Amino acid sequence: MLLIHCPYCEEMREEEEFSPAGQAHIVRPLDPEVLSDEEWARYLFFRKNPRGLHHEMWLHTHGCRKYFNVTRNTVTYQIMESYKMGQQPSVTASEKGQS
Amino acid sequence: MSNSINMESPLHHAQLDDLVGQSGDGGVILHEAKFLGHLNLRGNSQDPEFLAGIKEVLGVELPLSACSSAKGERAQIMWLAPDEWLIVVASGTEHDVEKKLRLCLKGHFAVSDISGAQTILELSGINVIDLLKKSTGYDLHLDSFPIGKVIGTNFAKAGAHILRLEKNKFQLVVRRSFSDYIWLWIQQGSKEYGLTIT
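These numbers come from a predicted model, not from an experiment.

Can you lay out the packing of helix H4 (residues 128–135) of chain B against helix H5 (residues 176–189) of chain B for me, pointing to particular residues and giving the numbers?
All names here are of chain B. One way to put it is that H4 packs onto H5 with a least axis distance of 10 Å and a crossing angle of 120 degrees. It follows from the interaxial angle that H4 and H5 lie oblique. The two elements H4 and H5 cross, and the hand of that crossing is right-handed. Note on element contacts: H5 touches H4 through Trp185, Ile186 and Gly189, opposite Leu131, Lys134 and Ser135. In terms of residue class, the contact of H4 with H5 is built from three nonpolar, two polar and one charged.

So what's going on with the pattern of salt bridges? Which residues, and what values?
Residue and element names in this part refer to chain B. Applying the stated criterion across every chain, the model contains 14 salt bridges over all chains. A salt bridge links Glu192 to Lys134, with the nearest nitrogen and oxygen atoms 2.7 Å apart. Here Glu192, found in the loop between H5 and strand S11 (195–197), pairs with Lys134, found in helix H4; they are 58 residues apart in sequence, far enough to count as distant.

How would you summarise a nonpolar patch on the surface if you had to cite specific residues and measurements?
Nonpolar side chains collect at one region of the surface, where Leu44(A), Phe45(A) and Phe46(A) lie side by side and expose about 340 Å² of accessible area between them. The topology assignment puts Leu44(A) in helix H1 (residues 37–45).

Give a detailed account of the sheet that holds strand S5 (residues 67–73) of chain A, specifying residues and quantitative values.
Residues and elements named next belong to chain A. Judged by pairing direction, the sheet is antiparallel, and its four strands sit side by side in the order S3-S4-S5-S6 without closing on themselves. Whereas interior strands pair on both sides, the edge strands pair on one side only; in this sheet they are strand S3 (19–23) and strand S6 (79–84). Neighbouring strand axes in the sheet, compared pairwise and without regard to direction, differ in orientation by 30 degrees on average. Note that S3 and strand S4 (residues 53–59) share three bridges and pair antiparallel. Bridge pairing links Gln23 to Glu56 in S4.

Conventions and cut-offs
Residues numbered from 1 in each chain as written. Chains lettered and ligands numbered in written order. Predicted model: local features only at pLDDT ≥ 70, side-chain atom pairs only at ≥ 80, totals over all residues. Heavy atoms only, no water. Axes fitted to C-alpha atoms, helices over the stretch in contact; angles between N-to-C directions. Helix = DSSP H or I, 4+ residues; strand = E, 2+ residues; numbered from the N terminus. Parallel < 35°, antiparallel > 145°, perpendicular 65-115°, else oblique. Left-handed = near helix turned anticlockwise from the far one by under 90°. Contact = heavy atoms within 4.5 Å. Nonpolar A, V, L, I, M, F, W, Y, C, P; charged D, E, K, R; others polar. Salt bridge = Lys/Arg side-chain N within 4 Å of Asp/Glu carboxyl O. Patch = residues over 30% accessible without salt bridge, like charges linked within 9 Å, V, L, I, M, F, W, Y side chains within 5 Å. Areas by Shrake-Rupley, 256 points an atom, 1.4 Å probe, with all protein chains shown as cover. Pairing = 2+ DSSP bridges.

Laid out in structure tokens, this is it:
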């Protein structure tokens, strides 16, 4: 069981209250019409699957029902930080020397 | 056939009214606060006009800090999210309050009457903490769950909002569709302490 800090409820809650929502910081292309099928498919379907630090979204389903971002180590499951939507992570892979 | 429509609470079938006074001093006391007016409010808490409008209509400041609640003479407000609140008003006044909110609030906001969608269960008694410990993983110590705090969490795997009214008194806001399940759960969970319906 993970303990996850919800930046909106401002406290640690049990994993059971949350739903994972996949990779964070995916930006929708501004002009989808000019993309090739491959570029569009990359935006829609292709996701990172890193060994190490991963920035991902979680939904506080049973709490405030808000999406937020989490930086988590996929090997140790250690959560380094959680931050609100629109914010940038303070812990990044390059800083930690990981891929 | 009669044209009158009788309001039925989500726990109508449990006939809680018939159970009042049927059992003695139970460790857990349950009361359904039925037919209260529930209004869901969305809006921008950074907007001073929005906050002033709420204060004018409800006579109480909107609770802005996370997991807090506010109680006025006319309404009780629970914080659900940074831009979402639940306003609980006396039975029958919800249409009036909704109308006044629409008149007084300006800008980008939403008010929805969700009175029929959920119900409030009041749990109290000397063993109420024991029952809650079986039902939710949240730390119920007064340090982490002080009086007046409201949390959205799991109650027996169903979603619920729990508001602490007193040291041993809680309000559970549960969805209509989950109310029967939670009623059965409360009966099971309080078996060893005794359950009194009031």
